[in-house]
Amino acid sequence: MSDFTGKNVLVLGGSRGIGAAIVRRFAKGGGKVAFTYAGSKDAAAALAAETGGEAIRADSADRDELVRTVADRGKLDVIIINAGALVLGDPLTLDADAIDRMIDINVRAPYHASIEAARRMNDNGRIIVIGSVNADRMPFAGGAAYALTKSAIQGMVRGLARDFGERGITVNSIQPGPTDSDMNPADGPMAATMHSFMAIKRHARADEIAELAAYIAGPHGAMITGSMQTIDGGFGA
Ligand code: NDP
């Protein structure tokens, strides 16, 4: 198991789902873990008590609040940008403000948080953004805007890997497929349709995604940069 003892770790959007599994994984590995949340105060407090991590209320859609939160953590070793929104539906009738908020959370926040983290990040630091296999494949209607946000991450990751490589800082995206969470429950109405696209016909568990994040952030991940690490049960195959 990768050892994060003494490492300064920040997870953006860590109160539930994949983010919470990541908080648990890095805390178990000995990291000094802080995580943000937007609305789930009770879940965040419970996770902080369980893991010894620090919960910070910070809305990723608020750029000033986000940047201040990242800057306040000082010299980070690892930042994992997980907070995400999902707005699906007929693009002709979807609420434009909801789409713009999703773009703020899924695209603008990862960019500004990555830059702010890199300003004072330790050498050989790790920037990991939770993207989605929908950046590569959107096999059903109603997901154009979400796919747009996740494919934008790919360009950012490639570019920032070049910007920060000289300091040994790696920049990568993890692209999950269907993963059991409040956003996408394994027993939800879309589950059977999603499994029909997959080689391994089940939702991933959040801890499976967290383990990949730990590998990328650990010592064996030093040469993985500018890459998309897809973990999707063959959804995109
Ligand atoms: P959940 O909805 O279960 O959890 C989302 C987490 O992000 C919560 O901790 C939530 O905090 C936080 N969050 C959301 N919006 C904000 C915000 N504005 N500011 C701060 N924190 C915020 O989602 P998942 O765990 O399923 O998804 C996590 C990431 O993985 C997302 O980026 C998603 O797009 C991506 N993903 C998920 C897949 C899936 O099948 N589940 C598949 C592919 C990618 P709070 O509790 O306070 O609301």
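The present account deals with the structure reproduced in this document. (Residues numbered from 1 in each chain as written. Predicted model: local features only at pLDDT ≥ 70, side-chain atom pairs only at ≥ 80, totals over all residues. Heavy atoms only, no water.)

## Some remarks on the sheet that holds strand 4 (residues 78–81)
Here is the rule we go by: Being paired, for any two strands, means DSSP has found at least two bridges between them. A helix here means a DSSP run of H or I that spans at least four residues, while a strand means a run of E at least two residues long, and both kinds are numbered starting from the N terminus. Between N-to-C directions, angles cover 0 to 180 degrees, with each direction set by a line fitted to C-alpha atoms, over the stretch in contact for helices. Contacts are assigned to residue pairs that have any heavy atoms within 4.5 Å of one another.
Taken in spatial order, the 7 strands of this open sheet run 3-2-1-4-5-6-7, and their pairing is parallel. Taken across any chain shown, the strands that pair with only one partner, and hence form the sheet edges, are strand 3 (54–57) and strand 7 (227–231). With strand direction ignored, the average angle separating the axes of adjacent strands in the sheet is 20°. Pairing of strand 4 with strand 5 (residues 126–130) involves 4 bridges; the strand directions are parallel. Counterpart to I79 in the pairing with strand 5 is I127. The strands touched by helix 5 (residues 144–164) are strand 5, strand 6 (170–176) and strand 7; relative to strand 6, the strand with the most contacts, the crossing angle is about 160°.

## Brief notes about the nonpolar core
Using the following cut-off: Residues grouped as a nonpolar core are buried Ala, Val, Leu, Ile, Met, Phe, Trp, Tyr and Cys residues, joined through side-chain atoms within 4.5 Å. The classification of residues rests on relative accessible area computed with a 1.4 Å probe and restricted to protein chains. Under 20% of the type maximum is buried, over 50% is exposed, and intermediate values are partly exposed.
Judged by nonpolar contacts, the single largest core of 29 residues is most densely connected at V11, I22, F26, F35, I80, I128 and I174. Sorting the residues of this core by element identifies strand 1 (8–12), helix 1 (17–28), strand 2 (32–37), helix 2 (41–51), strand 4, strand 5 and helix 7 (206–217) as the ones contributing at least two each. Element by element, the count of residues in this core is highest for helix 7, at 8 residues. Residue contacts for I80: discarding those within four places in its chain leaves L10, V11, L12, I22, F26, I128 and I130. Among the nonpolar cores identified, the runner-up in size contains 26 residues, and M121, I127, A161 and V171 belong to it.

## Structural notes on the side chain of N8
Note the following rule: What qualifies as a polar contact is a pair of N or O atoms within 3.5 Å, subject to a donor-acceptor requirement within protein and to the restriction that residues adjacent in sequence count only when both atoms come from side chains.
Structurally, the position occupied by N8 is in strand 1. Of note is the side chain of N8, whose polar atom sits 3.0 Å from the backbone oxygen of K75. Contact partners of N8, with chain neighbours within four places excluded, come to K32, R73, G74, K75, L76, D77 and V78.

## Side note on the site of the ligand
So the rule is basically this: Whether a residue is near a molecule or strand depends on its heavy atoms: it is near if one of them lies within 4 Å of it. Where accessible areas are quoted, they stem from the Shrake-Rupley method and a 1.4 Å probe; at the residue level, only the protein chains shown are allowed to cover. Lys, Arg, Asp and Glu make up the charged group, whereas Ala, Val, Leu, Ile, Met, Phe, Trp, Tyr, Cys and Pro make up the nonpolar group; the residues left over, Gly among them, are polar.
Around the ligand, the surrounding shell holds 32 residues, and the nearest of these are S15, R16, G39, S40 and S181. Separating a nitrogen atom of the ligand from a backbone N or O atom of S60 is a distance of 2.8 Å. Within the backbone of T179, one N or O atom sits 2.8 Å away from an oxygen atom of the ligand. Compared with its free state, where it exposes 900 Å², the ligand has 94% of that area covered by protein. Within the residue set of the shell around the ligand, elements represented by two or more residues are helix 1, helix 4 (96–120) and helix 5. Class assignment for the residues of the shell around the ligand results in 12 nonpolar, 15 polar and 5 charged.

## What about the packing of helix 1 against helix 2?
The condition that has to hold: Should an angle fall under 35 degrees it is called roughly parallel, over 145 degrees roughly antiparallel, and 65 to 115 degrees roughly perpendicular, with every other angle called oblique. Two helices that cross are described as forming a left-handed crossing if the nearer one is turned anticlockwise from the farther one by less than a right angle, and a right-handed crossing if clockwise.
The geometry of helix 1 relative to helix 2 is characterised by a closest axis approach of 10 Å and an angle of 15° between their N-to-C directions. One element, helix 1, and the other, helix 2, form an angle in the roughly parallel class. Crossing hand, helix 1 versus helix 2: right-handed. Every residue of helix 2 that contacts helix 1 at A20, V23, R24 and A27 is listed here: L47, E50 and T51.

Any link to function would need more than the numbers given here.
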